[in-house]
Amino acid sequence: MASISAMAEAEYFAKAGFRDITYAVPIAPQKLEQVAAIMKGGVDLKIITDHPAGAQAIAEKGQALGITFSTMIKIDSGLGRAGIPPDSALLLPLATALSQPGSSLAGVLTHAGHSYDEKNIAQIEATAEEERLAVVTAATRLRAAGFACPIVSVGSTPTALFAKHLDGITEMRPGNFVFFDLFQAALGTCRMEDVAVSVLAAVVAHHPGRNHFLIDAGGLALSKDTGANKHAPGTGYGRICRPGDALPLPGLSVYDV
């Protein structure tokens, strides 16, 4: 299963042979024809929404295209970016709208992205339980009202690592979990030796007077993600290791790209 956040990613994974894909942000109605085209290629591409108007638009477009969109309801488990609370009065109207011809209710989904802001493992464990409980509560309400809710989906790397149990969960979607990175190491969810991907770059200049090296890798090769600095100030755009070494050299970081 692939969890993606852009239609270009969905098309890429579909071409690579993935047949179970979740577009894990609320769908914009103008993208539904792209979704339908990918589905017609034999892909189980699930979409999500968090508002009855969006659900109605999905069903109407499905009817117009002669296709049934597999749709999940986005639940907010504390991040506050998208989704409805598990006790929201909108939950059942959403389920009703998604149960019309043109759409089917596939389940509920959340993402505890706020787990990246926690200060210690105990806080991550508590967030993991809040994440689990949010979607399980929503699924329980849906089933009690007579709606099938086959998928109960959660996902973030910290909560995947430190959830004490996943009772009631059918799917976990951690992304960074596969390789880890400096953010995870700084957060304390992995060791530096666990980071499984690095970029091999050559030193092309050395300027002792400016106290820096120049390497042949920039923002495209390294990305411009500076998130690790939140928990490990001074990380910059990355840390420097010798080829084949797992631990960074002290005092060296990618200062600018």
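Quick caveat: nothing in here was measured; it's all calculated off a predicted structure.

Conventions and cut-offs
Residues numbered from 1 in each chain as written. Predicted model: local features only at pLDDT ≥ 70, side-chain atom pairs only at ≥ 80, totals over all residues. Heavy atoms only, no water. Core = buried A, V, L, I, M, F, W, Y, C linked by side-chain atoms within 4.5 Å. Buried < 20%, exposed > 50% of the residue type's maximum accessible area, 1.4 Å probe, protein only. Helix = DSSP H or I, 4+ residues; strand = E, 2+ residues; numbered from the N terminus. Contact = heavy atoms within 4.5 Å. 1 Å grid on protein atoms, 1.4 Å probe; cavity = no way out; pocket = protein on both sides within 12 Å on 5 of 7 lines; lining within 4 Å. Points joined across faces, edges and corners; volume = space filled by probe spheres on them. Nonpolar A, V, L, I, M, F, W, Y, C, P; charged D, E, K, R; others polar. Salt bridge = Lys/Arg side-chain N within 4 Å of Asp/Glu carboxyl O. Phe/Tyr/Trp six-rings, centres within 6.5 Å; stacked < 30°, edge-to-face > 60°. Expected span 1.5 Å × (residues − 1). Arc of directions from axis to C-beta. Axes fitted to C-alpha atoms, helices over the stretch in contact; angles between N-to-C directions. Parallel < 35°, antiparallel > 145°, perpendicular 65-115°, else oblique. Left-handed = near helix turned anticlockwise from the far one by under 90°. Patch = residues over 30% accessible without salt bridge, like charges linked within 9 Å, V, L, I, M, F, W, Y side chains within 5 Å. Areas by Shrake-Rupley, 256 points an atom, 1.4 Å probe, with all protein chains shown as cover. Pairing = 2+ DSSP bridges.

(A) A look at the nonpolar core. With 22 residues, the main nonpolar core has Ile73, Ile75, Val108, Leu142 and Val152 as its most contacted residues. If you list the elements that add at least two residues to this core, you get helix H4 (91-97), strand E5 (103-109), helix H5 (121-144) and strand E6 (151-154). Contact partners of isoleucine 73, with chain neighbours within four places excluded, come to Thr49, Ile84, Leu91, Leu94, Ala95, Leu98, Leu105, Gly107, Val108 and Leu109. Counting 19 residues, the second-largest nonpolar core is a separate cluster that includes Ile4, Tyr23, Ile27 and Ala36.

(B) Looking closely at empty space enclosed by the protein. Inspection of every chain in the model, using the stated rule, returns one cavity of 30 Å³ or more. The calculated volume of the largest cavity comes to roughly 50 Å³. Along its surface, the largest cavity is lined by Lys74, Ile75, Asp76, Ser77, Gly78, Leu79, Gly80, Arg81, Ala82, Thr110 and His111. Looking at side-chain class alone, the lining of the largest cavity contains three nonpolar, five polar and three charged residues.

(C) Seen up close, the pattern of salt bridges. Throughout the structure, instances matching the rule amount to seven salt bridges. For lysine 46, the salt bridge goes to aspartate 44, with nearest N and O atoms at 3.2 Å. The partly exposed category is assigned to aspartate 44, whose relative accessible area is 38%. Among the charged side chains, a salt-bridge network with shared partners connects Asp20, Asp44 and Lys46.

(D) Quick look at the packing of aromatic side chains. All chains considered together, the criterion is met by four aromatic pairs. Centroid distance tyrosine 116 to phenylalanine 183: 5.2 Å. Interplanar angle 80 degrees. Geometry classified as edge-to-face. Here tyrosine 116 is found in the loop between E5 and H5, whereas its partner phenylalanine 183 is found in helix H7 (residues 182-187), with 67 residues between them in sequence. Phenylalanine 183 gets classed as buried once you look at its relative accessible area, which sits at 13%. Between phenylalanine 177 and phenylalanine 180, the ring centres sit 6.3 Å apart and the planes meet at 55 degrees, which makes this aromatic pair tilted. Cluster of aromatic residues (ring-pair linked, three or more members): Tyr12, Phe13 and Phe18.

(E) Main features of helix H3 (residues 52-65). Over its 14 residues, H3 extends 20 Å from the first C-alpha to the last, a length consistent with the 20 Å expected when each residue adds 1.5 Å. Where H3 is concerned, the buried positions are Ala55, Ile58, Ala59 and Gly62. Along the axis of H3, the buried residues cluster in a sector spanning 95 degrees; they form a single face. Of the surrounding elements, those touching the buried residues of H3 are helix H2 (32-40), strand E3 (44-49), strand E4 (69-74), H4 and E5. Positive backbone phi, approximately 70 degrees, marks glycine 66, located one or two places after H3.

(F) Spotlight on the packing of H2 against H3. Contact geometry for H2 and H3: axes closest at 11 Å, N-to-C directions at 55 degrees. Accordingly, the angle class assigned to the pair H2 and H3 is oblique. The chirality of how H2 crosses H3 is right-handed. Contact residues: H2 offers Leu32, Glu33, Ala36 and Lys40, while H3 offers Ala57, Ile58, Lys61 and Leu65. A per-class count over the contact of H2 with H3 returns five nonpolar, no polar and three charged.

(G) Expanded view of a nonpolar patch on the surface. A cluster of nonpolar side chains, Val178, Phe179 and Val197, forms an exposed patch at the surface whose accessible area comes to about 290 Å². Tracing the backbone shows valine 197 in the loop between H7 and strand E8 (203-207).

(H) Representation of the sheet that holds E3 in the model. With respect to topology, seven strands assemble into an open sheet ordered E1-E2-E3-E4-E5-E6-E7, the strand pairing being parallel. Only two strands of the sheet have a single partner each, and these edge strands are strand E1 (2-4) and strand E7 (171-172). Taken together, the two bridges between E6 and E7 define a ladder with parallel strand orientation. Counterpart to serine 153 in the pairing with E7 is glutamate 171. Against the sheet, H5 makes contact with E5 and E6, and its axis sits at roughly 165 degrees relative to E6, the strand it touches most.

In short, geometric facts, not functional conclusions.
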